[in-house]
Each structure stands twice: as structure tokens, then as C-alpha cells.
Amino acid sequence: KSIRLGSNVGFTLLGDDLTKSSDNYRVGVMGTLDFLYLFHPQFGAGLFAGLGTMSSSFGGQTASTFYGWYGTQFEGRFIWSRGAAVPFFFLRLGGLTHKPQFVTNGNTVEGETETIFTYGGGVGVEILMYRGRKPLYLRLTYGSNLTSSDELDNIVSGEQRDGFSFLTVGVSYYFGRR
């Protein structure tokens, strides 16, 4: 049993209709912190929180949003040996609060703050960087997240909800036995 504290930074790509089309979307930046309790060498549960930006354009209008993302996380690890690299998967369930902003012909309009339900998951690998008394790990992660709204990109289109993909790099530190 151990506790993992992690910090990640990376990029997001917003996608309309369950991230199927990303023609008019720009890459955003994000950062997250996570706390995970490993109740078994291969399984853990915990909390995550992060901040980021996303933007898109449609018909001469640019929409951008600043968001806070938070919730619970379940993680499973594929530990075959005591090697330096451990692949993992994760599932997340939570909320996302965002504040949209629209720019049309040079005019900026602030939108209403909205909180929406999110769910998603991803995969990654954790690599041992420093093998001292308190080891430090590098984490590479790719994931996708879906939302309960078609307004995350501030553009209502299509028949399905919005989502976003993310790619992050981070560090992890463990307390207790790993």
C-alpha cells in the first residue's frame, strides 16, 4: 500500500461530436495534479484536479474557454516484473467548470460559467527516472474525455456531445511501498 502524488503538464485538443472531427480546433495547454492511493500493487483510486485552455473557430467566430477539471480516478497497472517501465490504464469521472469567451469581428463577449459532467480514460507508461532512496518516476499519458454538454467548444453543432483528448508528461513520487 502506498500513496502517489503526481504533477502533469501537456496539450489538449477539443473535438466536436465525441472528438470525431477536429478540423477547426487549436491545441490548448493543461496541467493536472493527482493523488492516488494504491490499495494493491496493481490497482489504485484517488482524486485529480487541473486547469487548462481550449479553443475552436467556426464561421468567422473564435471561441475559447478556460476550464477547471476535477474528479475521481481509478488506475490499473500491468506489473510483470520489477522493471523500470510500468504501463497503466486509468478511468476518470468528474466535472469540468468552464468560462467561454467569443471573438467575432474583433468584438469580445464573455459567456456564462458552466459546470458539466465528464467521463473518460486513457493509457500511459511510468518510467523510473531516479533510483535513490525515494525514487522519482516520469509519466507519459494519453487520454480522451467526454462531456455531458455540446457547448464545451461554445459551438452547438451535430447530434452528440463534446469531448477532448490530451497528451501529458509528468512526474510521480510515492510514499510508502510501491
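See above for the structure.
The notes below deal with the structure included here. (Residues numbered from 1 in each chain as written. Predicted model: local features only at pLDDT ≥ 70, side-chain atom pairs only at ≥ 80, totals over all residues. Heavy atoms only, no water.)

### Observations concerning the pairing of strand 7 (residues 114–130)
Where strand 5 (residues 85–104) meets strand 7, 14 bridges bridge the pair, whose relative direction is antiparallel. For Val-86, the partnering residue across the bridge sits in strand 7 and is Glu-126. Examined bridge by bridge, strand 7 and strand 8 (residues 136–147) share 12 bridges and lie antiparallel to one another. Across the sheet, the residue bridging to Thr-118 is Thr-147, located in strand 8. Linking strand 7 to strand 8, which pair antiparallel, is a turn of 5 residues. (Pairing = 2+ DSSP bridges. Helix = DSSP H or I, 4+ residues; strand = E, 2+ residues; numbered from the N terminus.)

### Structural notes on empty space enclosed by the protein
Over the atoms rolls a probe the size of a water molecule, and in doing so it shows where empty space is left. Counting across every chain of the model gives 1 cavity of 30 Å³ or more. In this structure, the largest cavity occupies an estimated 80 Å³ of space. Looking at the largest cavity, the residues that line it are Asn-8, Met-30, Thr-32, Asp-34, Gln-73, Phe-90, Arg-92, Arg-139, Thr-141, Phe-166 and Thr-168. At the level of secondary structure, the elements contributing two or more residues to the lining of the largest cavity comprise strand 2 (25–40), strand 5, strand 8 and strand 9 (163–176). Of all the elements, strand 2 adds the most residues to the lining of the largest cavity, at 3 residues. Residue classes in the lining of the largest cavity are distributed as 3 nonpolar, 5 polar and 3 charged. (1 Å grid on protein atoms, 1.4 Å probe; cavity = no way out; pocket = protein on both sides within 12 Å on 5 of 7 lines; lining within 4 Å. Points joined across faces, edges and corners; volume = space filled by probe spheres on them. Nonpolar A, V, L, I, M, F, W, Y, C, P; charged D, E, K, R; others polar.)

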